[in-house]
Amino acid sequence: MVKNRKSIVVTVIGKDEVGIVAKIATALAENSINIIDINQKILGEEIFAMTLLADRINSSLSLPEISARLKESVKGLSLNVTVQDAEVFQYMHRV
Amino acid sequence: MKFSNEEILETIGMIAEGKLDIRTVTLGISLLDCSDPSPAACARKIREKILARGEKLSDKADFVANEYGLPIVNKRISLTPLSLVVPVADPAAFLEVARAVDLAGEEIGVNFVGGYTAMIQKGETAIDQALIAAMPEVLATTQRFCASVVLATTRAGINMDGCHTMGRVIKDIAQRTAEQDGIGCAKLVLFANPVEDNPFMAGAYYGIGESESAILVGVSGPGVIRRAIENLGPAADLGQVAEAIKKSAFKITRAGELVGKEMARQLGVSFGNLDLSLAPTPAEGDSVGQVLEAMGLAMPGAPGSTAALMMLNDAVKKGGLFASSSVGGLSGAFIPVSEDASMIEAAKVGAITIEKLEAMTSVCSVGLDMIAVPGATSAETLAAVIADEMAIGCANHKTTAVRIIPAPGKDIGDFVHFGGLLGEAPVMAVSQICSDKFVRRGGRIPAPLQSLKN
């Protein structure tokens, strides 16, 4: 079976600043990764929390490379970025 | 969004803080077609088969780990018991083949190979005797080949001559590896009722009922279970704790299933099974002892430890079985002493003793595991300790095992240091009351009754 989508889940958590979403979105776009869904909140007035579902089928980067690019894009900010294959969530949370 | 924020953060937290990982991807390889009366030819055939089947194991495991963002800690291979492959009753032949296996393992980049194995639960063949005679030399002069000997099963009873022999062999191995605190003994597991599809070392071997080659995945995650229990708070009753363990075990197992299926696909072999076992490592937070502490015991070994462990072991199995149709291996909780920070601490202050560990092994996976005892402990006393553990397995239809290290020149309270995954351990006291006459009777303890169980 050929997959027509390779979904990843990106999380970004940390101190709120102007332009975090723009930086992450730009980094994804530059690497041909298509955003499917975004969920973003400010917790307790200053903690930025974003979870993002994206498709990397057209990107040549591996998961660790994507992770490195995204971390690079928000370098200098107090943010924790994780990138995980979405199938892991599918397996863990859906029967 | 396809997944809720809570679900996403839970999974991320399991990996980052709970240290969820794929503990081992073990490739089982049948050697039944490698038998040859010429040791050199036998060694060559085995080497060629290991290279042909296992060449890509390491690279593919790294690829799959990157692809899913799930760490795969160890890559290993398990082989058909060597006593069934080398048809020569000559210790030199076993030594030659074992060295070839060790080198082949190094070539394909695995850190352990399992299968220097004899099954003597009812008696020994001349070939078994040759394998065992070469064992001290093999374990002292190879790096990664692990040995196991089956001494008892529920259907055969306990081979007491075998227990005595292995007591002497363990002493010999310890002496030959004295410079490293007897580390050779850490590569030898003595079994009652072993499973033939266990991915975990040192006791893995690839049974004769298995296919040509298969991927066996060992998933761990005591940190994940501990976090789930801690999140419940102190007011939750034990039924709720069991429920939380089950749910976490389910999720961990699903992650393992995903990785196992993909590994099998990448290597073009069948997906043998998934073994969800809470296996600790010396790393901070990766401890089964701390799971017992999260349940409310001040230290493992405290009264109540056996009850807590029974519940933990059972809940892990129940969650795992629902998550995958391929659950096999040992699937439970391991309580090795030297590989678990909280167990080491408990042994150091005397909270846990060999006697308490023995009781705990009656309700969990494996048995007296990675226990250092004084170097002066006699072969007969070791044999008696082994026999006790075999009896627990035999009578309860379960796997039990002994991995014990009589550390040369060390006494109670001293420390042994093995390094890496094998960790370090305080030397524990063994009862000084003599069992020599019992052990020297030898013979076989008959298989226990299967009916009239009241």
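Note that the structure is predicted; figures quoted are calculated from it, not measured. (Residues numbered from 1 in each chain as written. Chains lettered and ligands numbered in written order. Predicted model: local features only at pLDDT ≥ 70, side-chain atom pairs only at ≥ 80, totals over all residues.)

Okay, the overall build of chain A next. Along the backbone of chain A there are three helices and four strands. In chain A, the succession of α and β elements from N to C terminus is β-α-β-β-α-β-α. For chain A, whose C-alpha radius of gyration is 13 Å, the value lies close to the compact-globule estimate of 12 Å for 95 residues. Dimensions of chain A, computed from the C-alpha atoms along their principal axes, are close to 45 × 30 × 20 Å. (Helix = DSSP H or I, 4+ residues; strand = E, 2+ residues; numbered from the N terminus. Rg over C-alpha atoms; globule rule 2.2 N^0.38 Å.)

Many descriptions give the size of an interface as the accessible area lost when the pieces come together. Taken together, the contact pairs 18 residues of chain B with 19 residues of chain A. Looking at the side of chain B that touches chain A, the elements that each hand over two or more residues are α1 (5-16), α3 (57-68) and α8 (238-267) of chain B. Of the residues assigned to the side of chain B that touches chain A, the class counts are eight nonpolar, four polar and six charged. (Contact = placed C-beta atoms within 7 Å. Nonpolar A, V, L, I, M, F, W, Y, C, P; charged D, E, K, R; others polar.)

Detailed reading of the predicted coordinates is not advisable wherever pLDDT falls low. Taken over all residues, the pLDDT of chain A has a mean of 91, while the share at 70 or more is 97%. Helix α3 (residues 86-93) of chain A is the least confidently modelled element of chain A, averaging 90 in pLDDT, while helix α1 (residues 20-30) of chain A averages 95, the highest of any element. (pLDDT = per-residue confidence, 0-100.)

Turning to the environment of A156 of chain B, a few remarks are in order. Within the element layout of this structure, A156 of chain B appears in the loop between β4 (145-153) and β5 (157-159). Distance in space between the C-alpha atoms of A156 of chain B and Q121 of chain B is 6.4 Å, their sequence separation being 35 residues.

Moving on, we come to unusual backbone geometry. Backbone phi values are negative for most residues with the exception of glycine, while trans is the configuration of most peptide bonds. All names here are of chain B. Along the chain, M201 connects to A202 via a cis peptide bond; the corresponding omega equals 10 degrees. Tracing the backbone through its elements, the reader meets A202 in the loop between β6 (188-192) and β7 (213-219). Within the chain, D181 stands out as a residue other than glycine whose phi angle is a positive 60 degrees. Phi is positive for S331, close to 45 degrees, though the residue is something other than glycine. A count of 24 C-beta atoms within 10 Å places S331 in the buried class. (Buried ≥ 20, exposed ≤ 12 C-beta atoms within 10 Å, placed from the backbone.)

Quick look at the sheet that holds strand β4 (residues 79-85) of chain A now. Residues and elements named next belong to chain A. Read from one edge to the other, the open sheet built from four strands follows the order β2-β3-β1-β4, with strand pairing classed as antiparallel. Looking at which strands have only one partner, the edges of the open sheet turn out to be β2 (34-43) and β4. Shown here is a sheet whose adjacent strand axes are inclined to one another by a mean of 10 degrees, direction ignored. Each of β1 (7-15) and β4 touches helix α2 (residues 63-73); the most contacted strand, β4, lies at about 160 degrees to it. (Pairing = 2+ DSSP bridges. Axes fitted to C-alpha atoms, helices over the stretch in contact; angles between N-to-C directions.)

Residues and elements named next belong to chain B. Remark: helix α2 (residues 39-54) packs on helix α4 (residues 91-107), axes separated minimally by 9 Å, with the N-to-C direction vectors making an angle of 20 degrees. One finds that α2 runs roughly parallel with respect to α4. In this structure, α2 meets α4 at a crossing whose hand is right-handed. In this structure, α2 uses P39, A40, C42, A43, I46, R47, I50 and L51 to contact α4, whose residues at the interface are A93, E96, V97, A100, V101, A104 and E107. Grouping the constituent residues of the contact of α2 with α4 by class yields twelve nonpolar, no polar and three charged. (Parallel < 35°, antiparallel > 145°, perpendicular 65-115°, else oblique. Left-handed = near helix turned anticlockwise from the far one by under 90°.)

The subject of this paragraph is the environment of D90 of chain B. Residue and element names in this part refer to chain B. Secondary-structure assignment places D90 in the loop between β2 (72-79) and α4. The class of D90 is partly exposed, set by 15 C-beta atoms lying within 10 Å. For the pair D90 and I127, spaced 37 residues apart in the sequence, the C-alpha separation amounts to 7.2 Å.

As a further point, take the packing of α3 of chain B against α8 of chain B. A pair of packed helices is characterised by two quantities: the angle between their axes and the separation of those axes. All names here are of chain B. Put simply, α3 and α8 touch, their axes get as near as 10 Å, and they point 135 degrees apart. Relative to α8, α3 is oriented oblique. Both α3 and α8 take part in a crossing whose hand is right-handed. Together, L57, K60, A61, F63, V64 and Y68 of α3 and L258, V259, E262, M263, Q266 and L267 of α8 make up the contact between the two elements. Taken together, the residues that form the contact of α3 with α8 break down as nine nonpolar, one polar and two charged.

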